[in-house]
Amino acid sequence: MTDVVITEVDTDQVAKRGPAGPVGDGVDDQLVAQVVEQARAAGLQLTGEGGLLQQLTKRVLEAALDGEITDHLGYDKGDPAGNNGQNSRNGVRGKTVLTEVGPVQIAVPRDRDGSFEPQIVRKRQRRLSGVEDMVNSLSAKGLTTGEIQAHLSEVYGADVSRQTISMITDKVVDGMTEWQNRPLDPVYPVIFLDAVHVKIRDGKVANRPIYVALAVTVDGNRDILGLWAGDGGEGAKFWLSVLTELKNRGVGDACMVVCDGLKGLPDAIGQTWPEAVVQTCVIHLLRTSFRYAGRQHWAAIAKALKPVYPASTEAAARERFAGFTQAWGTKYPAIIRLWEQAWAEFVPFLAFDAEIQTVICSTNAIESVNARIRRAVRARGHFPNEGAALKCVYLAVMSLDPTGQGRRRWTMRWKPALNAFEMAFEGRLTTGRK
């Protein structure tokens with residue numbers, strides 16, 4: 001590698017100036033441009049083993065470690081103050097750390113009495129936090145440990161074992177427990193309850209539900225309240241325990257709870273929040289209807305049912321459903337029975353303003369979350385146990401909307417509905433703004 005001495009001198013200058021901020025914010029633009037140009041002239045690659053980014057990372061880390069031991073000892077390297085018989089520098093030890101630009105070999109300074117505890121790269125630490133964030137992000141997108149291992153090897157030239165990758169993702173369990181038990185708001189305008197089914201090997205592979213509770217706050221933000229693993233035998237007792245947990249975490253009231261008519265759920269909602277309106281999810285009702293019909297009729301059935309749920313009153317909805325019954329009742333009586341059985345929980349939202357009807361029947365708020373979860377779950381195939389499934393779902397949930405743009409769009413979309421909720425449930429949302 002030609003001209004390497006010049007390049008190293010300049011990277012040392014960058015390191016001394018520190019890694020603060022983007023170019024133009026604490027870093028000399030001209031110096032950075034000079035380093036890049038000299039590296040290009042020397043045939044030095046930007047990325048990859050021995051590349052410019054690895055060299056810069058090495059020198060920045062070593063400069064930071066040198067600053068830490070200077071603070072620890074109280075004098076600079078080479079200062080005569082070190083010749084006082086007290087604790088002093090004692091050379092360096094080599095160490096390889098995995099960074100976001102690949103493995104980097106660094107020299108970690110030591111002191112004579114062994115009291116120096118570096119912070120930027122701690123003792124026995126082999127990975128910088130950015131690598132752990134990367135592994136968790138890849139896991140949240142559904143990559144298996146083997147796929148993450150191959151990705152790190154191919155892109156960064158890093159040899160990371162599957163066991164290490166599992167250990168990294170296992171660290172999120174403590175955060176998941178804390179998140180699952182965090183205090184919640186005293187009131188939510190709407191809470192959506194739904195389930196995503198995953199395959200868990202418990203003796204044999206079987207489908208198990210993971211239940212998701214998503215709420216809209218009084219300020220229009222999306223808030224995922226929790227995740228629960230079910231055993232397929234859900235009923236009033238199961239749902240009462242879930243809703244009681246939410247209540248114990250601070251949820252004293254919910255104006256409307258939207259669900260898909262799971263067994264025992266309406267009764268459990270009534271016991272937990274007596275004033276809550278229980279609303280069957282229209283999207284789920286439509287989707288279930290298709291299960292009783294041939295695929296060739298799905299479009300026609302959807303078109304025939306579409307006038308029912310935007311009806312202005314329950315009477316109008318009943319009249320339009322009668323037309324659907326006349327057209328399709330003979331061929332698909334099971335669909336008619338499905339709607340008749342769900343009618344009491346289907347019609348409540350028709351009594352509210354159009355803004356509320358719109359977000360309930362046309363904006364299936366929880367489906368975007370479920371779609372991300374399903375994508376991560378499908379990539380895994382099946383899970384060895386319930387804990388592994390919950391960890392995967394939790395990582396997928398935590399990776400939603402990394403830029404924050406989705407949150408802003410969500411809030412703007414819900415503003416008209418929240419005004420309508422304020423009028424329809426006068427006074428009940430006030431406690432959520434205190």
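The model shown is predicted, which means the values in this text are computed figures rather than measured ones.

Trainee: Help me understand the sheet that holds strand 7 (residues 277-280), please; the structure alone is not making it clear to me.
Mentor: Within a beta sheet, neighbouring strands are joined by backbone hydrogen bonds and run either parallel or antiparallel to one another. Here five strands make up an open sheet; going across it, the order is 5-4-3-6-7 and the pairing mixed. Each edge of the sheet is formed by a strand with only one pairing partner; in this case those strands are strand 5 (222-229) and strand 7. With strand direction ignored, the average angle separating the axes of adjacent strands in the sheet is 25°. Across the sheet, helix 9 (residues 265-272) lies against strand 3 (187-202), strand 6 (253-259) and strand 7, angled at about 175° from strand 6, the strand it touches most.

Trainee: Any chance you could explain the side chain of R208 here in plain terms?
Mentor: Among the structural elements, R208 can be located in strand 4 (residues 204-216). A relative accessible area of 15% places R208 in the buried class. Engagement of the side chain of R208 in a polar contact is seen with the side chain of E386, the distance being 2.7 Å. When near neighbours in sequence (up to four residues on either side) are disregarded, R208 contacts V196, H197, V198, I200, D202, G230, D231 and E386.

Trainee: Where do I start with the confidence of the model for the protein chain in this structure?
Mentor: Reading predicted coordinates in detail is not appropriate for stretches of low pLDDT. The predicted model of the protein chain has a mean per-residue pLDDT of 77, with 71% of residues at 70 or higher. Low pLDDT (under 50) marks residues 1-11, which in the prediction has 21 contacts with non-local residues, meaning those over four places away or in another chain. Low pLDDT, under 50, characterises residues 13-25; the predicted model gives this stretch 18 contacts beyond four residues in sequence or across chains.

Trainee: When you look at the nonpolar core in this model, what are you seeing that I'm missing?
Mentor: It is characteristic of soluble globular proteins that their nonpolar side chains tend to be buried jointly. Within the largest apolar cluster, 74 residues are counted, with the highest numbers of intra-cluster contacts made by I301, W339, F346, I373, W414 and F421. Of all the elements, helix 16 (residues 386-398) adds the most residues to this core, at eight residues. Leave out the neighbours within four places in its chain, and I373 touches V196, V212, V393, A396 and V397. Counting 25 residues, the second largest nonpolar core, distinct from the first, contains L184, I191, A195 and V257.

Trainee: Looking at this structure, I do not really get the packing of helix 14 (residues 354-361) against helix 17 (residues 405-424). What am I missing?
Mentor: For any two helices packed against each other, one specifies the crossing angle of their axes together with the interaxial distance. Packing of helix 14 against helix 17 brings their axes to within 8 Å, and their N-to-C directions diverge by 125°. Comparing the axis directions of helix 14 and helix 17 gives the class oblique. Once helix 14 is placed against helix 17, the crossing between them reads as left-handed. Facing helix 14, whose interface residues are E355, I356 and V359, helix 17 presents W414, P416, A417, A420, F421 and A424. The class makeup of the residues in the contact of helix 14 with helix 17 is eight nonpolar, no polar and one charged.

Trainee: Help me understand the packing of aromatic side chains in this model?
Mentor: The geometry of an aromatic ring pair is captured by two quantities: the separation of the ring centres and the angle between the planes. Counted by the stated rule, this structure contains 16 aromatic pairs. Ring geometry for W339 and F346: centres 5.1 Å apart, planes at 70°, overall edge-to-face. Residues W339 and F346 agree in their burial class; the two are buried. Grouping aromatic residues by their ring pairs yields a cluster made of F321, F324, W339, W343, F346 and F349. Across the ring face of W410, the terminal group of R222 is positioned such that the distance to the ring centre comes to 5.4 Å. The side chain of R318 reaches across the aromatic face of W343, ending 4.3 Å from its centre.

Trainee: I would appreciate a short explanation of the packing of helix 12 (residues 314-328) against helix 13 (residues 333-346) in the present structure.
Mentor: Between helix 12 and helix 13, the least distance of the axes is 10 Å, while the angle of their chain directions is 165°. In terms of orientation, helix 12 and helix 13 fall into the roughly antiparallel class. In this structure, helix 12 crosses over helix 13, and the sense of that crossing is left-handed. Between helix 12, through E314, A317, R318, F321, F324, T325 and W328, and helix 13, the contact on the second element is made entirely by P333, I335, I336, W339, E340 and W343. Of the residues contributing to the contact of helix 12 with helix 13, the split by class is nine nonpolar, one polar and three charged.

Trainee: Quick question: what am I supposed to make of the pairing of strand 4 here?
Mentor: One face of the sheet, then the other: side chains in a regular strand alternate in exactly this way. Note that strand 3 and strand 4 share 13 bridges and pair antiparallel. Within the sheet, the bridge partner assigned to V198 lies in strand 4 and is R208. Turn length for the strand 3-strand 4 hairpin, with the two strands adjacent in sequence and antiparallel, is one residue, and the turn residue G203 shows positive phi of about 85°. In the sheet, strand 4 pairs with strand 5 via seven bridges, with the strands oriented antiparallel. Residue L214 lies in a different strand from strand 5, and its bridge partner there is I224. Two successive antiparallel strands, strand 4 and strand 5, enclose a turn made up of five residues, where G220 displays a positive phi of approximately 90°.

The rules behind each value
Residues numbered from 1 in each chain as written. Predicted model: local features only at pLDDT ≥ 70, side-chain atom pairs only at ≥ 80, totals over all residues. Heavy atoms only, no water. Pairing = 2+ DSSP bridges. Helix = DSSP H or I, 4+ residues; strand = E, 2+ residues; numbered from the N terminus. Axes fitted to C-alpha atoms, helices over the stretch in contact; angles between N-to-C directions. Contact = heavy atoms within 4.5 Å. Buried < 20%, exposed > 50% of the residue type's maximum accessible area, 1.4 Å probe, protein only. Polar contact = N/O pair within 3.5 Å; in protein donor to acceptor, adjacent residues only side chain to side chain. pLDDT = per-residue confidence, 0-100. Core = buried A, V, L, I, M, F, W, Y, C linked by side-chain atoms within 4.5 Å. Parallel < 35°, antiparallel > 145°, perpendicular 65-115°, else oblique. Left-handed = near helix turned anticlockwise from the far one by under 90°. Nonpolar A, V, L, I, M, F, W, Y, C, P; charged D, E, K, R; others polar. Phe/Tyr/Trp six-rings, centres within 6.5 Å; stacked < 30°, edge-to-face > 60°. Lys NZ or Arg CZ within 6 Å of the ring centre and 35° of its normal.

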